[in-house]
Amino acid sequence: MATSSTRGSSPEAPKIVWNETQRRFETEDKKAYIEYVLRHDSKVMDIIHTFVPSSKRGMGLASHLCVAAFNHAKSQSLSIIPSCSYVSDTFLPRNPSWNTLLYSEDLESNV
């Protein structure tokens, strides 16, 4: 009996782990990660850095890391500040449905 995959030619999504202590989401091997800091009484997740080693680039890992972080923020009712250039310049333009989670500075007075 042969087994077949219903996934087609797309690779299986990598497992992303939340490392709460280090405030990041990472691959199981810890080589690719997205880092954040919590701001505004821990109600806002500021995503500050995404890293994927050159040996793993082009596999969509950065996007998977973003989705994990955004899903976490959504489940915890957090807003997001996309300080990381990958998130603001690449991930969000390709995935505009996540824009609803973005923090608006209009809600805070800078005076």
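Residues numbered from 1 in each chain as written. Predicted model: local features only at pLDDT ≥ 70, side-chain atom pairs only at ≥ 80, totals over all residues. Heavy atoms only, no water.

Engineer: What is the right way to read the state of the cysteines from this model?
Structural biologist: In a disulfide, the sulfur atoms of two cysteines are covalently bonded to one another. For the structure shown, the criterion picks out 0 disulfides. This cysteine, Cys 66, is not joined by any disulfide, and Cys 84 carries the nearest cysteine sulfur, 6.8 Å off. (Disulfide = S-S within 2.5 Å.)

Engineer: I keep staring at the nonpolar core and nothing clicks. Help me out?
Structural biologist: General note: in soluble globular proteins, nonpolar side chains tend to be found buried as a group. Among the nonpolar cores identified, the biggest contains 23 residues, and Phe 25, Ile 34, Met 45, Ile 47, Phe 70, Ile 80 and Val 87 are the most heavily contacted of them. Going through the elements one at a time, strand E3 (33–39), strand E4 (44–51), helix H1 (61–75) and helix H2 (85–94) are the ones with two or more residues in this core. Tallying contributions element by element places H1 first for this core, with 8 residues. Not counting the four nearest positions on each side in its chain, Met 45 is found in contact with Phe 25, Tyr 36, Val 37, Leu 38, Ala 69, His 72, Ala 73, Leu 78, Ser 79, Ile 80 and Ile 81. (Core = buried A, V, L, I, M, F, W, Y, C linked by side-chain atoms within 4.5 Å. Buried < 20%, exposed > 50% of the residue type's maximum accessible area, 1.4 Å probe, protein only. Helix = DSSP H or I, 4+ residues; strand = E, 2+ residues; numbered from the N terminus. Contact = heavy atoms within 4.5 Å.)

Engineer: What am I meant to see in the pattern of salt bridges here?
Structural biologist: Any two side chains of opposite charge can pair, given that their charged atoms come close. Taken as a whole and judged by the stated rule, the model has 4 salt bridges. A salt bridge links Glu 26 to Lys 30, with the shortest nitrogen-to-oxygen separation between them at 3.0 Å. Its relative accessible area of 1% is what places Glu 26 among the buried residues. Residue Asp 29 is joined to Lys 56 by a salt bridge in which the shortest nitrogen-to-oxygen separation is 2.8 Å. Taken together, the residues Asp 29 in the loop between strand E2 (24–27) and E3 and Lys 56 in the loop between E4 and H1 connect sequence positions 27 residues apart. Using a relative accessible area of 34% as the deciding quantity, one classes Asp 29 as partly exposed. On the basis of relative accessibility, which here comes to 22%, the residue Lys 56 falls in the partly exposed class. One connected set of salt bridges, linked through shared partners, spans Arg 24, Glu 26 and Lys 30. (Salt bridge = Lys/Arg side-chain N within 4 Å of Asp/Glu carboxyl O.)

Engineer: Help me understand the environment of Thr 27 in this model?
Structural biologist: Relative to the helices and strands, Thr 27 resides in strand E2. By relative accessible area, Thr 27 is classed as buried at 6%. Look past the residues within four positions of Thr 27 in its chain and what remains in contact with it is Lys 15, Ile 16, Ala 32, Leu 61 and Leu 65. Polar side-chain contacts of Thr 27 include one of 2.5 Å to the side chain of Asp 29. (Polar contact = N/O pair within 3.5 Å; in protein donor to acceptor, adjacent residues only side chain to side chain.)

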